Amino acid sequence: MITYHKKMSILGKKFFEQPTLKVAKELLGKFLCTPKEKFMITEVEAYDGPKDKASHAYKGKTARNTPMFGPAGVWYVYFVYGMHNMLNIVVGSKNYPAAVLLRGLLSSPRAKLDGPAKLTKFLKIDRKFNGKKAVPKNNLWIEDLGVKIKKSQIKSSPRIGVQYAGEWAKKHYRFYL
DNA sequence: ACGATGATGAAC
DNA sequence: TTCATCATCGTA
């Protein structure tokens, strides 16, 4: 049972400009919103800065990762494995490449949303959203509905699928409830 | 365990 | 212009 404590507020640039790991942890318990539905975020991964070897931004700015170098609060959606879209929200200040990958949502009666490609498939999120601001006008945004997450509820682990990243592969940049 | 399936970035 | 690589999923 989810209880609501305060008025909803749409998360904007100010929230996403905070340090990457802080934003990643605080996104747990927030809601990914479309005009029709709202889903609580339950799993994320942080990709933090130009030195993060697991990040797309590690090799510098390219055509694909350009949104990561832009202002915070913008969607970064990319295609992998020939069939899956990944949804990230850009964080950190402009020219500091960082993003948080949304990996899981609280499942609805209609679908399990416990993987980064499952949620994008279910919500029909593809590269049309890449580079767009996370605001209601663009039909995809994030809200704080007042759900309180205790620190003890947040677990962490190394990120998934980044074994090539050396020391960076060991960092506990994955957070989940 | 592995195949599906295509964009990406770097080498040649 | 080719090639290895890839922040995965579903079926086995």
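Model, not experiment: these values are computed from the prediction. As a convention, each chain's residues are numbered from 1 in the sequence order in which they are written. Chain letters and ligand numbers both follow the written order, the letters beginning at A and the numbers at 1. Note on the predicted model: pLDDT of at least 70 is required for a residue's local features to be given, and 80 or more for side-chain atom pairs to be given and counted; whole-chain, interface and lining totals, by contrast, use all residues. Side-chain figures throughout are based on the complete set of non-hydrogen atoms in the structure, without hydrogens or water.

1. What about the nonpolar core?
A general tendency of soluble globular proteins is for nonpolar side chains to be buried together.
Alright, step 1. Phe16, Leu27, Leu32, Trp75, Leu87, Ile89 and Val100 are the most contacted members of the largest nonpolar core, which totals 33 residues.
Alright, step 2. At the level of secondary structure, the elements contributing two or more residues to this core comprise helix 1 (13-16), helix 2 (20-27), strand 3 (38-48), strand 4 (75-80), strand 5 (84-90) and strand 6 (98-105).
Alright, step 3. Here, two residues are considered to be in contact whenever any of their heavy atoms come within 4.5 Å of each other. Once residues within four sequence positions are removed from consideration, Phe16 is found in contact with Leu11, Val23, Leu27, Ala72, Gly73, Ile89, Val90, Val91, Gly92 and Ile142.
Alright, step 4. We call a set of buried residues a nonpolar core when its members are Ala, Val, Leu, Ile, Met, Phe, Trp, Tyr or Cys and they connect through side-chain atoms within 4.5 Å of each other. With a 1.4 Å probe rolled over the protein chains alone, any residue whose accessible area is under 20% of its type maximum counts as buried; one over 50% counts as exposed, and the rest are partly exposed. If you look at the next biggest cluster of nonpolar residues, it comprises 17 residues, including Ala57, Met86, Leu101 and Ala117. Labels follow the DSSP assignment, with helices taken as runs of H or I lasting at least four residues and strands as runs of E lasting at least two, numbered in each case from the N terminus.

2. Some details on the protein's contact with DNA strand B
Alright, step 1. What surrounds DNA strand B is the set Lys59, Thr62, Arg64, Phe79, Tyr81, Gly82, Met83 and Arg127.
Alright, step 2. For each residue, the test is whether any non-hydrogen atom lies within 4 Å of the molecule or strand; if one does, the residue is near. When the atoms of DNA strand B within 4 Å of the protein are grouped by moiety, sugar and phosphate amount to 61% of the total.
Alright, step 3. Side-chain polar atom of Thr62 to a phosphate oxygen of DNA strand B: 2.4 Å apart, as the coordinates give it.
Alright, step 4. Polar contacts, as counted here, are pairs of nitrogen or oxygen atoms within 3.5 Å of one another; within protein the pair requires one atom able to donate a hydrogen and one able to accept it, and residues that are adjacent in sequence qualify only if both atoms are side-chain atoms. Here a base oxygen of DNA strand B and a backbone polar atom of Tyr81 are 2.5 Å apart.
Alright, step 5. Amino acids are sorted into nonpolar (Ala, Val, Leu, Ile, Met, Phe, Trp, Tyr, Cys and Pro), charged (Asp, Glu, Lys and Arg) and polar (every other residue, Gly among them). In terms of residue class, the surface near DNA strand B is built from three nonpolar, two polar and three charged.

3. A word on unusual backbone geometry
Alright, step 1. Not every positive phi belongs to a glycine, and Tyr81 is a case in point at roughly 55 degrees.
Alright, step 2. Looking at the secondary structure, you find Tyr81 in the loop between strand 4 and strand 5.
Alright, step 3. Overall, Tyr81 belongs to the exposed group, its relative accessible area being 69%.
Alright, step 4. A positive phi is found at Lys124, a non-glycine position, where the angle reads about 60 degrees.
Alright, step 5. For Lys124, the position within the fold is in the loop between helix 3 (116-122) and strand 7 (141-144).
Alright, step 6. On the accessibility criterion, Lys124 (66% relative accessible area) is exposed.

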